Amino acid sequence: MKCYYCGGSLDFTDTCPDCEANVRVWKKIHILSDRLYNEGLEKARVRDLSGAIEALQLSLRYNKLNVEARNLLGLIWYEMGETVNALSEWVISKSLCPEENRAAEYLADAQNSASQLENMNQTVKKFNQSLTYCQDGNYDLAIIQLKKVIALNPKMVKAHQLLALLYMREDRHDLAFRTLRQAEKIDTNNTATMRYKQECREHLKANGKLKPSKEDEDTVTYQSGNDIIIRPAKLTDNSAVRTVVSMLMGAAIGVAVVCFLVIPGVRQKANANASSQLVEANQTISAGEQSISSLEEEIESLTQQLTEAESATDAAEEQVAIYQQLLDVYAVYAQDDYSTAAEMLAEIDTEQLDEDGQQLYDDMYSAMQSSVLDDTWQEGLVLYMDKDYEGAVEKFLTVAEADPSYEDGEVDFYLAFAYNYLEDYENALKWFQITLENTTDSEMTSTSTSMSEDLIARGYSAAE
């Protein structure tokens, strides 16, 4: 222990051997700080994380230079999913004691993993977004967002507690109780968790429901793969597309050469030959009927050739126009204007395309369909939040008819609720049942089942 006045080493006496300053109170403060650190350590070992935080914060209040207490406090914050608080404590610890400090190792481990840092960042953003949804009254979106937070960071106690409160608000105390038990596994003596659990237990008893008898597995998960609504990735390797476009341009140039250079010469030659044969025929009519018949056959053959040449010209011009349309669509598509490109693509007659042109058409159609569906889904969500349920139904129907399992059945789920708010209960029942067929999410399955049973009990049947 060092003297607070001169920095010299202290012995067992109450005065500093070097400057003779009275260090009796100073020693008691250090001893009390160490005692609180040991108390926090013992509580952390039995997963009383809230109690450990209180003890360690009090220890640091007595002695802010207690590096071991600060490092342990950072580890506990990290265990509870509060990564920002954990990093703050470790940074302060490292600044107070740069040498031989474990905080440097903890910070290095966090900073060296780009995926871990991105995961932390996404967790904070999604949790803040869920709080915004709660403040705006969008509780359904808040629940979905909190599930994503828990999927990214299952140990975030605050996310479990907020999700439980939202379940309790919707009178789903059984799900709230299960969520709180998951939070209790992380922090066994959290006051807020215990208070919420007691309220859920009393409500379940009052309604005659059996409370859980053993620890349940964590079922609050969200299978996604896209983040916040994430826009689908664009084509990253355009070499094949460029090759196809080059081939199409070459084919179009070849067709143009045939149309404007070769075919006019053939047509002119055919006309000249026909005229020549007619003159010769007129000169030799007197030679006999056989010669006339022979010439007439030749004239018919040349006329057929002329007709075929004209048909080939028309077909070539039509095919050039089709390929020009396809190139125009690709130009708009390359500028990421998928809505306009989709409208232009719908006007192309695919029967006039060859194999390479059809492949390019299919690639653009697939990419644009996904983007247009995402845009339509987002527009529907905005209308739904603005309570424009008729507009939302129109948008959701467009997405659901194109892809009934879009977003793991969420589009069917929201479409059913939009119909329900419009009091179109037959269509609402129909889309709740479709949700059950297309989703793997347990929460949407549970809600759709209960809503379907309620509508059927009220005498409604699903629309055809």
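Calculation rules
- Residue indices follow the written sequence of each chain, beginning from 1 at its first position.
- Totals for whole chains, interfaces and linings use all residues, but because this is a predicted model, local features are given only for residues with pLDDT of at least 70 and pairs of side-chain atoms are given and counted only at 80 or more.
- Values reported for side chains reflect all heavy atoms of the structure, with hydrogen atoms and water molecules removed beforehand.
- A run of DSSP states H or I qualifies as a helix once it reaches four residues; a run of E qualifies as a strand once it reaches two. Both are numbered from the N-terminal end.
- Buried means the residue's accessible area, taken with a 1.4 Å probe over protein chains only, is under 20% of the maximum for its type, while exposed means over 50%, and partly exposed covers the values in between.
- Helix span, as expected, comes to 1.5 Å for every residue beyond the first.
- By convention a nonpolar core is built from buried Ala, Val, Leu, Ile, Met, Phe, Trp, Tyr and Cys residues, the set being connected through side-chain atoms within 4.5 Å.
- A patch consists of residues exposed above 30% relative accessible area that lack any salt bridge, with like charges linked at up to 9 Å and nonpolar side chains (Val, Leu, Ile, Met, Phe, Trp, Tyr) linked at up to 5 Å.
- Where accessible areas are quoted, they stem from the Shrake-Rupley method and a 1.4 Å probe; at the residue level, only the protein chains shown are allowed to cover.
- Throughout this description, the term salt bridge denotes a Lys or Arg side-chain nitrogen within 4 Å of a carboxyl oxygen of Asp or Glu.

Engineer: Help me understand unusual backbone geometry in this model?
Structural biologist: With glycine set apart, most residues show a phi of negative sign, and most peptide bonds adopt trans. Even without being a glycine, glutamate 100 presents a positive backbone phi close to 50°. By the secondary structure assignment, glutamate 100 is in the loop between helix 4 (83–96) and helix 5 (102–111). Judged by its relative accessible area of 85%, glutamate 100 is exposed. A positive phi angle, close to 60°, is found at aspartate 408, a residue other than glycine. Mapping aspartate 408 onto the fold places it in the loop between helix 15 (389–402) and helix 16 (410–421).

Engineer: Is there a simple way to explain helix 7 (residues 139–152) in this structure?
Structural biologist: Because an α-helix packs 3.6 residues into every turn, residues spaced three or four apart end up facing the same way. In this model helix 7 runs 20 Å from its N-terminal to its C-terminal C-alpha over 14 residues, within 8% of the 20 Å that 1.5 Å per residue would give. Among the 14 residues that make up helix 7, 10 are buried, leaving the element largely enclosed by the rest of the structure. Buried residues of helix 7: Leu141, Ala142, Ile143, Ile144, Gln145, Leu146, Lys147, Lys148, Val149 and Ile150, and no others.

Engineer: Would you take a moment to explain the nonpolar core for this structure?
Structural biologist: Buried together is how nonpolar side chains tend to be arranged in soluble globular proteins. Within the largest apolar cluster, 30 residues are counted, with the highest numbers of intra-cluster contacts made by Trp377, Tyr384, Phe396 and Tyr414. The set of elements that each furnish at least two residues to this core consists of helix 7, helix 14 (355–385), helix 15, helix 16, helix 17 (425–438) and helix 18 (442–457). Per-element tally for this core: the top contributor is helix 16, with eight residues. Ranked by size, the runner-up nonpolar core spans 23 residues in total, among them Ile150, Ala159, Tyr167 and Cys200.

Engineer: Explain a nonpolar patch on the surface here, please?
Structural biologist: On the surface, Leu65, Ile92 and Leu96 cluster together into a nonpolar patch covering about 250 Å² of accessible area. Here leucine 65 is to be found in the loop between helix 2 (49–62) and helix 3 (67–79).

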